[in-house]
Amino acid sequence: MTTSSKSPNSLKTVLIKLKGIKEYLGAPSMSHTETLQGYNKNRTRKTEVYFDFFVSTLRVIMDDILREEIADLEIEEEEVLTAENALEAIENAWLNEKFSPEILPHKFDLVDCMLQQISHMEENMKSYLRIRLEKIEKYTIHILSEEAGREPDEAYLTPGELRFAKDYLGSVENLFKTVALQHMPTSFQGFEIDKISTKPNMQTHVFLRANERITGIVLPGVIDEEIDFEAGSQHIIQYNAIANLVKSGAVQLI
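All of these numbers come straight from a predicted model, not from anything done at the bench. One numbering rule holds for all chains: residues counted from 1, following each sequence as written. At least 70 in pLDDT is required for a residue's local features to be given in this predicted model, at least 80 for side-chain atom pairs to be given and counted, and no such filter applies to totals for whole chains, interfaces and linings, which use all residues. Working from all heavy atoms in the structure, the side-chain values ignore hydrogens and water.

Draft legend 1. Structural view of the overall build of the chain. Helical segments are the DSSP runs of H or I of at least four residues, strand segments are the runs of E of at least two, and each set is numbered from the N terminus. Helix and strand counts for the chain come out as nine helices and five strands. Secondary structure of the chain in N-to-C order comes out as α-α-α-α-α-α-α-α-β-β-β-β-α-β. Residue exposure (1.4 Å probe, protein chains only): buried if accessible area is under 20% of the type maximum, exposed if over 50%, otherwise partly exposed. When the 254 residues of the chain are sorted by exposure, 16% land in the buried category. Sequence separation of at least 24 residues holds for 59% of the intrachain contacts in the chain that already meet a minimum separation of 6. Each accessible area is a Shrake-Rupley result for a 1.4 Å probe, and residues are judged covered by the shown protein chains and nothing else. Accessible surface for the chain amounts to roughly 19,700 Å². Of this, 56% is attributable to carbon and sulfur atoms. Contact between two residues is taken to exist if any of their heavy atoms lie within 4.5 Å; hydrogens are not considered.

In structure tokens:
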């Protein structure tokens, strides 16, 4: 977040100052062609002095504008707030407002920034949870089977997600029995979970960015090939080749 205001219109500043120079010199209004003709015919010392003065003044103006632009950029860079700094600043503002007997100036920019960040985080969190539930519904049997083989401290699902998955599978089984299986011959009324189980496609290709240097990544294929990732490099690769790297945080899917 930056709290600095925009710099003035540089072009407008140049035009205003050039107009002042023209009035100061008392130069007549001439077209470009007339100016060149006059210069070629009457190359007087006065014209040369005016021209030199004009050029030197223009350079001063441009230098001033350049310094102003650089100063504005430096101010903006200095006032960029990180998430940690913004959180600390809003906490300090809250403490000051809480313990001050008078009302203090409102931290408009800071509050707006934090509200935007919170709104963005809420949207991301909702999307994150929604995607997880969609995967649980789509791969319920496979996920429950995999989860059963993990230790409690290595579980992928939260207790709530695990309960949801089991309830969802129970509902699917009950639906099959009520709608179809009970109307079939006895030998076909068994609910065989494995036959309706679906698994995620681990061979799908994904885009990623390497968070660190990684060596010896095996590309699956007829002839297994090893490649290296440099920190910050981006690649497209089969997911099963880098699944463990995603879980460890060594790479980031994008």
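Draft legend 2. Seen up close, the packing of helix α5 (residues 108-138) against helix α7 (residues 159-179). Note on definitions: angles span 0 to 180 degrees between N-to-C directions of axes, and those axes are lines fitted to C-alpha atoms, for helices only across the stretch in contact. Across the interface, α5 lies against α7 with an axial gap of 10 Å and an inter-helix angle of 35°. Relative to α7, the crossing made by α5 is right-handed. Across from R132, L133, I136 and E137 in α5, the residues of α7 making contact are E161, F164, A165 and Y168. Basically, the charged four are Asp, Glu, Lys and Arg, the nonpolar ten are Ala, Val, Leu, Ile, Met, Phe, Trp, Tyr, Cys and Pro, and anything else, Gly included, counts as polar. Its residues assigned to classes, the contact of α5 with α7 comprises five nonpolar, no polar and three charged. Note on convention: the crossing is left-handed when the near helix lies turned anticlockwise from the far helix by less than a right angle, right-handed when the turn is clockwise.

Draft legend 3. Highlighting the environment of T204. As for its placement among the helices and strands, T204 is situated in the loop between α8 (193-196) and β1 (205-210). Between the alpha carbons of T204 and I237 there is a distance of 8.2 Å; along the sequence they are 33 residues apart. Setting aside anything within four residues of it in sequence, one finds T204 in contact with I237, Q238 and Y239.

Draft legend 4. Expanded view of the nonpolar core. Counting residues in hydrophobic clusters, the biggest one holds 13 residues, and the most contacted among them are I214, I217, F229, I242 and L245. Among the secondary structure elements, those contributing two or more residues to this core are β1, β2 (214-219) and α9 (239-248). If one sorts the elements of this core by residue count, α9 sits on top with four residues. Residues within four places of I214 in sequence aside, it is in contact with D228, F229, L245, A250 and V251. What makes a nonpolar core is a set of buried Ala, Val, Leu, Ile, Met, Phe, Trp, Tyr and Cys residues whose side-chain atoms join them at distances within 4.5 Å. Listed in part, the eight residues of the second largest apolar core include Y139, I141, L144 and A165.

Draft legend 5. Focus on the pattern of salt bridges. By definition, a salt bridge exists where a carboxyl oxygen of Asp or Glu is found within 4 Å of a side-chain nitrogen of Lys or Arg. Scanning the entire structure with this criterion turns up three salt bridges. Its salt-bridge partner being R150, residue E147 comes within 2.6 Å of it at the nearest N-O pair. Given a relative accessible area of 10%, E147 falls into the buried group. Overall, the relative accessible area of 22% leaves R150 in the partly exposed class. Taking the shortest distance from any N to any O, the salt bridge between E230 and R213 comes out at 2.2 Å. Of this pair, E230 sits in the loop between β3 (225-229) and β4 (234-238) while R213 sits in the loop between β1 and β2, placing them 17 residues apart in sequence. Judged by its relative accessible area of 43%, E230 is partly exposed. Classification of R213 by relative accessible area gives partly exposed; the value is 47%.

Draft legend 6. How the structure looks around the layout of surface pockets. Quantified by volume, the largest pocket comes out at close to 920 Å³. K135, Y156, P200, Y239 and K247 are the residues nearest the centre of the largest pocket, which is lined by 21 residues in total. Counting residues per element, the ones that place at least two in the lining of the largest pocket are α5, α6 (140-148) and α9. Counting residues per element, the lining of the largest pocket draws most heavily on α5, which supplies five residues. When its residues are assigned to classes, the lining of the largest pocket shows eleven nonpolar, three polar and seven charged. With a 1 Å grid spanning the protein atoms alone, the term cavity applies to any set of points in which a 1.4 Å probe fits but cannot get out, the term pocket to an open set with protein on both sides within 12 Å along at least five of seven lines, and the term lining residue to any residue with an atom within 4 Å of a point. Grid points are joined across faces, edges and corners, and a volume is the space filled by probe spheres set on the points.

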